[in-house]
Every structure is written in structure tokens, then in C-alpha cells.
Amino acid sequence: GAGVSQSPSNKVTEKGKDVELRCDPISGHTALYWYRQSLGQGLEFLIYFQGNSAPDKSGLPSDRFSAERTGGSVSTLTIQRTQQEDSAVYLCASSSGYQTTDTQYFGPGTRLTVL
Amino acid sequence: LAKTTQPISMDSYEGQEVNITCSHNNIATNDYITWYQQFPSQGPRFIIQGYKTKVTNEVASLFIPADRKSSTLSLPRVSLSDTAVYYCLVAPMDSSYKLIFGSGTRLLVRP
């Protein structure tokens, strides 16, 4: 595709429910990143993938958060038993290389609202 | 990881040149400096990257003094569409490090 796509664009859920957020990176991009951005704040790193493996999961806020990437392409971020503090925009980015100086291309984000 | 400090907000007018300075006093020898731009309701977008001296592309210029303890993003003749948040990042060319986005500088361009 032309760019990184994310779905859904908006998600409203009730506290305690599970949600899945999807990211389709740019075709051929090997590195994939998930970030979280609360209203008016900077981006908070969550996790990144090299291919299908996740060498750095240190940013995941709790064990309710998990992510996987299959086939070196699509990634899913799952939040179990959502809490109101999980409300934020979740951004996905991909890059063609593994170095942090490689340009990251961001998707439009998924706005998650937990009621 | 080098910590960065940049102004919270800046105001400008259309047609003016805008310079946003980022401080990174503990930058390491192998660190690069990268700037991203974020419009409302969009993900950040890469603007420019440099290691030392001056880098220029079709969007902006990046000035880095010899000691590399700061850098300045220069936007020539801004327009209303340049209203955005600008992030300064410092990171080594090392796949074991993650990018750290601070709060950025919120630039407002007025007519």
C-alpha cells in the first residue's frame, strides 16, 4: 500500500472489555513500532518488531498489553480488560531498516476511548 | 539516552522564518539528531536528520554547532499549514534503542 494503515480509526469500548488494534505497515518494511499518545502529550514507545520478533517490549505499560506480528507484516496490539487510563491514540509506524535512524512512517492512529 | 529540551510553544506569522532550538547537552558521539512534524489527528512525519554542521532539504534546514549540544530546525517562510508540533529526537544508529519523543514544540502560525 501507499502508507501505513491502521484500523479501526476510532474505537469506543467499555471498561473491562478487550480490544484489538491492527496495523498494516508499508509493504516490505521489516521494522514495526507501536506508540501511545495521550491527549496533548508526546508519544510513548510501547514495543517494536524486527520481522516477527519483538526484541524490545519494555514500553508495554502492563501485562494487559500484548502485541504480535505474523508473516513479517500485519501487527495486532491487544489490550485486555481495558481501563479508562488506556484511553489514548495508538500509533503504528514502520521503517525499511532496523536502525533507529531509519525514517519511521506513521499511520493515522487508532483513537481508543474507554468508558 | 540523550535528553532533549525544546520550547513548549512558539508563535509566528505567515512568511516569517521560524527557528526552533533543541538542547541535548549529553549527546553521545554516535547519536544522530532527527526532527519530526505532527499535524493534529495525524501521526508524526519525518522532516530532517543530521549529525553535524548543516543539512538542508526541500522542507527545512538543520543547523548543528561543532559541540553538537544543541540543534536548530529552521523553517523558511512559514505558512498556516506549518502549524504543528515539532519533535526533536536524539538517538544512536543502533537497533537496540527506541526513539524517545518528548512533548515537542507547538508552533502556531498566524495570518
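Residues numbered from 1 in each chain as written. Chains lettered and ligands numbered in written order. Predicted model: local features only at pLDDT ≥ 70, side-chain atom pairs only at ≥ 80, totals over all residues. Heavy atoms only, no water.

1. Side note on the side chain of D86 of chain A
Residue and element names in this part refer to chain A. Among the structural elements, D86 can be located in the loop between strand 8 (75-79) and strand 9 (88-95). On the basis of relative accessibility, which here comes to 1%, the residue D86 falls in the buried class. Those residues in contact with D86 that lie beyond four places of it in its chain are R36, R64, F65, I79, L112 and V114. (Helix = DSSP H or I, 4+ residues; strand = E, 2+ residues; numbered from the N terminus. Buried < 20%, exposed > 50% of the residue type's maximum accessible area, 1.4 Å probe, protein only. Contact = heavy atoms within 4.5 Å.)

2. Considerations on the environment of N52 of chain A
Residue and element names in this part refer to chain A. Topologically, N52 is positioned in the loop between strand 5 (43-50) and strand 6 (53-56). Exposure remark for N52: the relative accessible area of 43% places this residue in the partly exposed category. The contact partners of N52, leaving out residues within four places of it in the chain, are R69, T70, G71 and G72. A polar contact of 3.3 Å, which involves the side chain of N52, links it to the backbone nitrogen of G71. A polar contact of 2.5 Å, which involves the side chain of N52, links it to the backbone nitrogen of G72. (Polar contact = N/O pair within 3.5 Å; in protein donor to acceptor, adjacent residues only side chain to side chain.)

3. Quick look at the packing of aromatic side chains
Residue and element names in this part refer to chain B. Applying the stated criterion across every chain, the model contains eleven aromatic pairs over all chains. Ring geometry for Y32 versus Y51: centroids 5.1 Å apart, planes at 50°, classification tilted. In this pair, Y32 sits in strand 3 (residues 31-38) while Y51 sits in the loop between strand 4 (45-50) and strand 5 (53-56), placing the two residues 19 residues apart along the sequence. Here Y51 falls in the partly exposed class, since its relative accessible area comes to 26%. A ring pair is formed by Y36 and F101, whose centres lie 5.5 Å apart and whose planes are at 65°; its orientation type is edge-to-face. Within this pair, whereas Y36 is found in strand 3, its partner F101 is found in the loop between strand 8 (84-92) and strand 9 (105-110), the two being separated by 65 residues in sequence. (Phe/Tyr/Trp six-rings, centres within 6.5 Å; stacked < 30°, edge-to-face > 60°.)

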